[in-house]
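# Breakdown of the fold
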Amino acid sequence: MDVKLVNPFIIATINVLETMAFVKAKAGKPHLKKDNVAQGDVSGIVGFTGEANGTVSVTFDEACILKIVSNMFGEEMVEINSEIADAVGELTNMISGQARKELEEIGKVFQGAIPTVITGKNHKLETMTKGPKIAIPFKTEFGSFTIEICFEG
């Protein structure tokens, strides 16, 4: 997968979390992901079409997303509930939108779908596209999360 297609998602993720939740995230080493098991407790996933079909998902561990949403709302969140799920969908949408805007600047135009949110330990993330899945782990002082990007060949 072309690094020019991955980097905008990494940059957008860092920017959105810092802007919306005052959380600094540090990206780890991207790797090829073989399975569909999410590495966390709640995921937002957005499909897109255009230059190629693809998906991007963001999966947070519980402690991490509770702190992020607590910072966003200005009140302490203590469990994954519908408010958390809504916030994950919105964060995923913002990350996808910012990344697509950056991709457009290099001539790659994509349209995004409405995000879907999935919760629960070891939930599955099925991508509608058949292509390599790149996972990028992130660390924050509150826990970790992973973004996964998949583009059709």
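Fair warning: this is a prediction, and the values are worked out from it, not measured in the lab.

### A short note on the pattern of salt bridges
Working definition: two side chains of opposite charge can pair if their charged atoms are close together. In this structure the tally under the stated criterion is four salt bridges. Its salt-bridge partner being K24, residue E18 comes within 3.3 Å of it at the nearest N-O pair. In this structure, the salt-bridge partner of K33 is D35, at a minimum N-O distance of 3.2 Å. With a relative accessible area of 10%, K33 lands in the buried category.

### A closer look at the packing of helix 1 (residues 3-21) against helix 3 (residues 82-105)
Where helix 1 contacts helix 3, the axes come no closer than 8 Å and their chain directions differ by 135 degrees. Judged by the angle between their axes, helix 1 and helix 3 are oblique. Crossing hand, helix 1 versus helix 3: right-handed. Of helix 3, the residues touching helix 1 (which contributes K4, L5, P8, F9, I11, A12, T13, N15, V16, L17 and M20) are L91, M94, I95, S96, Q98, A99, E102 and L103. When grouped by side-chain class, the residues that make up the contact of helix 1 with helix 3 number 13 nonpolar, four polar and two charged.

Rules behind the numbers
- Residues numbered from 1 in each chain as written.
- Predicted model: local features only at pLDDT ≥ 70, side-chain atom pairs only at ≥ 80, totals over all residues.
- Heavy atoms only, no water.
- Salt bridge = Lys/Arg side-chain N within 4 Å of Asp/Glu carboxyl O.
- Buried < 20%, exposed > 50% of the residue type's maximum accessible area, 1.4 Å probe, protein only.
- Axes fitted to C-alpha atoms, helices over the stretch in contact; angles between N-to-C directions.
- Helix = DSSP H or I, 4+ residues; strand = E, 2+ residues; numbered from the N terminus.
- Parallel < 35°, antiparallel > 145°, perpendicular 65-115°, else oblique.
- Left-handed = near helix turned anticlockwise from the far one by under 90°.
- Contact = heavy atoms within 4.5 Å.
- Nonpolar A, V, L, I, M, F, W, Y, C, P; charged D, E, K, R; others polar.

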